Amino acid sequence: MANNKYDKVLQDKIIRLHLEEGRAIKSLSDEYNLGSGTLRYWLNKHREECKNNPQLQSETNQMLEIQRLKKELAEAKKENDFLKKATAFFAKEID
């Protein structure tokens, strides 16, 4: 099975990249040369482990929260940049 081909540290790293950074399964599979369905299998296994391990579930929830906050921050930065440009535009109009 593909599970034995990759060490646990690498599996955990790839799962973290998906959960915390929001990296796409396809992107990670291509980057790490994973077989079709390998990452999905790892993620399903991880979800099952979370059901029986409150500490792992807590860590997973933290990773998902970090991902959510990163997205929220990126959106706020976009809005802030837009407002700066709008302010500069309207400041020129007033002059």
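These figures come from a predicted structure and were not determined experimentally.

Caption draft 1: Structural view of the packing of aromatic side chains. Applying the stated criterion across every chain yields a total of 2 aromatic pairs. Taking 5.4 Å as the distance between ring centres and 80 degrees as the angle between the ring planes, the aromatic pair formed by Tyr-6 and Trp-42 counts as edge-to-face. Of this pair, Tyr-6 sits in the segment before helix H1 (8-21) while Trp-42 sits in helix H3 (residues 38-52), placing them 36 residues apart in sequence. Exposure class is identical for Tyr-6 and Trp-42. Each is buried. Ring plane angle 75 degrees and centroid distance 5.2 Å describe the contact between Phe-89 and Phe-90, whose orientation is recorded as edge-to-face.

Caption draft 2: Main features of the environment of Gly-35. If you trace the backbone, Gly-35 turns up in the loop between helix H2 (25-31) and H3. Between the C-alpha atoms of Gly-35 and Arg-47, which are 12 residues apart in sequence, the distance is 20 Å.

Caption draft 3: The packing of H1 against H3, seen in detail. With their axes 10 Å apart at the nearest point, H1 and H3 run at an angle of 90 degrees to one another. As the angle between them shows, H1 and H3 are arranged roughly perpendicular. Together, Lys-8, Gln-11, Ile-14, Ile-15, His-18 and Leu-19 of H1 and Leu-39, Trp-42, Leu-43, Lys-45, His-46 and Glu-49 of H3 make up the contact between the two elements. Of the residues contributing to the contact of H1 with H3, the split by class is 6 nonpolar, 3 polar and 3 charged.

Caption draft 4: The arrangement of the confidence of the model for the chain in detail. On average, the chain scores 90 in pLDDT, and the residues at 70 or more come to 95%. Ranking the elements of the chain by mean pLDDT puts H1 last, at 92, and H2 first, at 94.

Caption draft 5: Seen up close, the nonpolar core. Counting residues in each nonpolar core, the largest one holds 13 residues, and the members touching the most others are Ile-14, Leu-28, Tyr-32, Leu-34, Leu-39 and Trp-42. For this core, the secondary structure elements donating two or more residues are H1, H2 and H3. When residues of this core are assigned to their parent elements, the largest contribution, 4 residues, is made by H1. Discounting chain neighbours no more than four positions away, the residues touching Leu-39 are Ile-14, Ile-25, Leu-28, Ser-29 and Leu-34.

Caption draft 6: Expanded view of the pattern of salt bridges. Applying the stated criterion to the full structure yields 7 salt bridges. For Lys-8, the salt bridge identified is with Asp-12, shortest N-O distance 3.2 Å. A residue pair is termed a helical-turn pair when its members lie 3 or 4 positions apart in one helix, as Lys-8 and Asp-12 do in helix H1 at 4 residues. Between Glu-65 and Arg-68 there is a salt bridge whose closest N-O contact spans 2.7 Å. One end of the pair is Glu-65 and the other is Arg-68, both in helix H4 (residues 54-94) and 3 residues apart, which spans about a single turn. Connected through shared salt-bridge partners, Glu-65, Arg-68 and Glu-72 make up one network.

About the thresholds
Residues numbered from 1 in each chain as written. Predicted model: local features only at pLDDT ≥ 70, side-chain atom pairs only at ≥ 80, totals over all residues. Heavy atoms only, no water. Phe/Tyr/Trp six-rings, centres within 6.5 Å; stacked < 30°, edge-to-face > 60°. Helix = DSSP H or I, 4+ residues; strand = E, 2+ residues; numbered from the N terminus. Buried < 20%, exposed > 50% of the residue type's maximum accessible area, 1.4 Å probe, protein only. Axes fitted to C-alpha atoms, helices over the stretch in contact; angles between N-to-C directions. Parallel < 35°, antiparallel > 145°, perpendicular 65-115°, else oblique. Contact = heavy atoms within 4.5 Å. Nonpolar A, V, L, I, M, F, W, Y, C, P; charged D, E, K, R; others polar. pLDDT = per-residue confidence, 0-100. Core = buried A, V, L, I, M, F, W, Y, C linked by side-chain atoms within 4.5 Å. Salt bridge = Lys/Arg side-chain N within 4 Å of Asp/Glu carboxyl O.

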